[in-house]
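Summary of the model geometry
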Amino acid sequence: MPVLALVSTIFVIAFEQLVQWRYGATGVIGLLMLTIGIKAKSPSVSSAGAVLLALLVAGPAL
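The structure contained in this document is the topic of the report that follows.

About the thresholds
Residues numbered from 1 in each chain as written. Predicted model: local features only at pLDDT ≥ 70, side-chain atom pairs only at ≥ 80, totals over all residues. Heavy atoms only, no water. Helix = DSSP H or I, 4+ residues; strand = E, 2+ residues; numbered from the N terminus. Buried < 20%, exposed > 50% of the residue type's maximum accessible area, 1.4 Å probe, protein only. Areas by Shrake-Rupley, 256 points an atom, 1.4 Å probe, with all protein chains shown as cover. Axes fitted to C-alpha atoms, helices over the stretch in contact; angles between N-to-C directions. Parallel < 35°, antiparallel > 145°, perpendicular 65-115°, else oblique. Left-handed = near helix turned anticlockwise from the far one by under 90°. Contact = heavy atoms within 4.5 Å. Nonpolar A, V, L, I, M, F, W, Y, C, P; charged D, E, K, R; others polar. Phe/Tyr/Trp six-rings, centres within 6.5 Å; stacked < 30°, edge-to-face > 60°. Expected span 1.5 Å × (residues − 1). Bend = angle between axes of the 7 residues up to and from the residue.

Tallying secondary structure elements over the chain gives 2 helices and 0 strands in all. Counting only C-alpha atoms and orienting by the principal axes, one finds that the chain spans roughly 45 × 25 × 15 Å. For the chain, the proportion of its 62 residues judged to be buried stands at 13%. Carbon and sulfur atoms make up 76% of the accessible area of the chain, which amounts to about 4,800 Å² in all.

Okay, structure coming up:
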């Protein structure tokens, strides 16, 4: 069990660093809003975070 927790923590930290490197502070805020919304079961907060991330990813194509 501790190995699974360690691997998942490493994955989450690596993913966070990738988002921050690729999309900057706005990407981290969007990811944070999405995570908080899911954990708090708040559809409005998680939707706002998802829309923010989608706009960052699709921004160059628009």
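Let's shift gears to the packing of helix α1 (residues 2–39) against helix α2 (residues 43–58). Relative to each other, α1 and α2 sit at 150°, their axes nearing to 7 Å. Our classification of the angle between α1 and α2 gives roughly antiparallel. The interaxial crossing formed by α1 with α2 has left-handed handedness. Mapping the contact onto sequence places Tyr23, Thr26, Gly27, Ile29, Gly30, Leu31, Met33, Leu34, Gly37 and Ile38 in α1 and Val45, Ser46, Ala48, Gly49, Ala50, Leu52, Leu53, Leu56 and Val57 in α2. Taken together, the residues that form the contact of α1 with α2 break down as 13 nonpolar, 6 polar and no charged.

What follows deals with the packing of aromatic side chains. Applying the stated criterion across every chain, the model contains 1 aromatic pair. Measuring from centroid to centroid gives 6.5 Å for Phe11 and Phe15, while their planes differ by 15°, and the two rings are stacked. Of this pair, Phe11 and Phe15 both sit in helix α1, 4 residues apart, which is roughly one turn of the helix. Judged by relative accessible area, which is 59%, Phe11 ranks as exposed. Judged by its relative accessible area of 39%, Phe15 is partly exposed.

On to α1, then. The terminal C-alpha atoms of α1, which comprises 38 residues, lie only 22 Å apart, well short of the 56 Å expected from a rise of 1.5 Å per residue. Along α1, the sharpest change in direction is near 135° and occurs at Tyr23. The inward-facing, buried residues of α1 abut α2. A positive phi of about 55° marks Lys41, the residue just after α1.

That is the geometry; function is a separate question.
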